[in-house]
Amino acid sequence: MAALKYAGLEDTDSEEELPPGWEERTTKDGWVYYANHLEEKTQWEHPKSGKRKRVAGGLPYGWEQETDENGQVYFVDHINKRTTYLDPRLAFTVEDNPAKPTTRQKYDGNSTAMEILQGLDLSGKVVIITGANSGIGFETAKSLALHGAHVILACRNTSRGSDAVQRILAEWHKAKVEAMTLDLASLQSVQHFAEAFKSKNVPLHILICNAAVFGAPWCLTENGLESTFQVNHLGHFYLVQLLEDVLRQSSPARVVMVSSESHRFTEIKDSTGKLDFSLLSPSKKEYWAMLAYNRSKLCNILFSNELNRRLSPHGVTSNSVHPGNMIYSSIHRNWWVYTLLFTLARPFTKSM
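All figures in this text were calculated on a predicted structure; none of them were measured in a lab.

### So, the overall build of the chain
In step 1: Scanning the chain from terminus to terminus reveals 9 helices and 14 strands.
In step 2: Every one of the 352 residues in the chain was classed for burial, and the buried ones make up 44%.
In step 3: For the chain, contacts bridging at least 24 residues in sequence account for 64% of all contacts bridging at least 6.
In step 4: For the chain, the accessible surface area stands at approximately 19,000 Å², while carbon and sulfur atoms represent 53% of it.

### Observations concerning the packing of helix 3 (residues 135-146) against helix 4 (residues 158-171)
In step 1: Following both chains from N to C, one finds helix 3 and helix 4 inclined at 40°, their axes separated by 10 Å at the closest point. Here helix 3 is positioned oblique relative to helix 4, judged by the angle of their axes. Crossing angle aside, the handedness with which helix 3 passes helix 4 is right-handed. Here Phe138, Ala141, Lys142, Ala145 and Leu146 of helix 3 lie close against helix 4, whose contacting residues are Ala164, Arg167, Ile168 and Glu171.
In step 2: Each residue belonging to the contact of helix 3 with helix 4 can be placed in one class, and the counts come to 6 nonpolar, no polar and 3 charged.

### Here we look at helix 3
In step 1: Taking 1.5 Å as the rise per residue, helix 3 with 12 residues should run 16 Å; its terminal C-alpha atoms sit 17 Å apart, in good agreement.
In step 2: Counting buried positions over the 12 residues of helix 3 gives 9, a clear majority of the element.
In step 3: When we look at burial in helix 3, the residues that qualify are Gly135, Gly137, Phe138, Ala141, Lys142, Ser143, Leu144, Ala145 and Leu146.
In step 4: Among the residues trailing helix 3, glycine 148 stands out with phi positive, at a value near 100°.

### So, the nonpolar core
In step 1: Formed by 29 residues in total, the largest nonpolar core has its most connected members in Ile128, Phe193, Phe197, Leu204, Leu207, Leu243 and Val255.
In step 2: Elements that contribute at least two residues to this core include exactly strand 9 (126-130), strand 10 (150-155), helix 5 (187-198), strand 12 (206-209), helix 6 (227-249), strand 13 (253-258) and helix 8 (289-311).
In step 3: For this core, the element with the most residues is helix 6, which contributes 6 residues.
In step 4: Residues contacting leucine 207, with those up to four places away along its chain left out, are Ile128, Leu239, Val240, Leu243, Arg254, Val255 and Val256.
In step 5: If you look at the next biggest cluster of nonpolar residues, it comprises 28 residues, including Ala145, Leu146, Ala149 and Trp172.

### A word on the sheet that holds strand 11 (residues 177-181)
In step 1: Here we have 6 strands laid out as an open sheet, ordered 11-10-9-12-13-14, and parallel in their pairing. Every interior strand has two partners, whereas the edge strands, strand 11 and strand 14 (316-321), have only one. Within this sheet the neighbouring strands show an average axis-to-axis angle of 15°, counted without direction.
In step 2: The pairing of strand 13 with strand 14 spans 6 bridges and is parallel. Residue valine 258 lies in a different strand from strand 14, and its bridge partner there is valine 321.
In step 3: Against the sheet, helix 4 engages strand 10 and strand 11, with an angle of about 175° to strand 11.
In step 4: Lying on the sheet, helix 5 is in contact with strand 9, strand 10 and strand 11; it crosses strand 11 at an angle near 145°.

About the criteria used
Residues numbered from 1 in each chain as written. Predicted model: local features only at pLDDT ≥ 70, side-chain atom pairs only at ≥ 80, totals over all residues. Heavy atoms only, no water. Helix = DSSP H or I, 4+ residues; strand = E, 2+ residues; numbered from the N terminus. Buried < 20%, exposed > 50% of the residue type's maximum accessible area, 1.4 Å probe, protein only. Contact = heavy atoms within 4.5 Å. Areas by Shrake-Rupley, 256 points an atom, 1.4 Å probe, with all protein chains shown as cover. Axes fitted to C-alpha atoms, helices over the stretch in contact; angles between N-to-C directions. Parallel < 35°, antiparallel > 145°, perpendicular 65-115°, else oblique. Left-handed = near helix turned anticlockwise from the far one by under 90°. Nonpolar A, V, L, I, M, F, W, Y, C, P; charged D, E, K, R; others polar. Expected span 1.5 Å × (residues − 1). Core = buried A, V, L, I, M, F, W, Y, C linked by side-chain atoms within 4.5 Å. Pairing = 2+ DSSP bridges.

Taken by themselves, the reported measurements are silent on function.
Shown next, in the form of structure tokens:
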């Protein structure tokens, strides 16, 4: 009881009763979360019981879910001609507290992005995520934004970036999220993006280099380089260089390179053990999509390691991450063979 009093929760009689200033809400997918109007933050656990919930079943007969002009979800009862922001399914919630792995392994293949960030308050943190309008990038952006971070979605397609922003705002209309144009296939676009970001005069605490192409046919960018190499690695390399001063000034800060285990199945050295630049941006005759992807992911890791060595003394860490094998996202869209492979594997792999 002393702990409850210290936390300001002693006024409630029932374990399920919300403390003053709290509100129970639901996401479009039926997950229950709690908004603290006093501190203007949200969390997934009940502020008193610590339980997580989700709604059971669909909306009652005659009800429909809508979204207002501020992106807030509300519900329409067509039978009784009324509207409410309270989800009628909240009367039929079930606990969702799955068994956690042992302390030796806190997270596993079933963990979600929201679970990884649970309990963190990222208010005041500024994050850039490349390729954030879909897939892993979008889920990362949404999770960070719902935990209070100011998230910038760096996307090649402006329209899709704006749509992604609206989807996040539909989850929480107070989320600080925006889209900016970044085409990694154009070094000029990378430069313009960096200049536009710097003009905002805000810090940069996290830079997530996530965008990538996979299985793409051979083509050259406007800079005369093979597209997979430039989009997956060189564009990100240039972006980090342009934003390095902001990262240093914002320390502690971090760079995250989304790489892949497939980096193990290639080489970028010639027979004498020296770096072979022709392998990085091969000619059409020497090009194989899978190898090009593997090499770009190897470059990601080598760059991340060296970046961490150089910048960690200045408060900027760098890590590379393998997101998982065969995660069903849109990365396979460039070739029907990969699309078929991912479709067949989908029932056995992790989805977004």
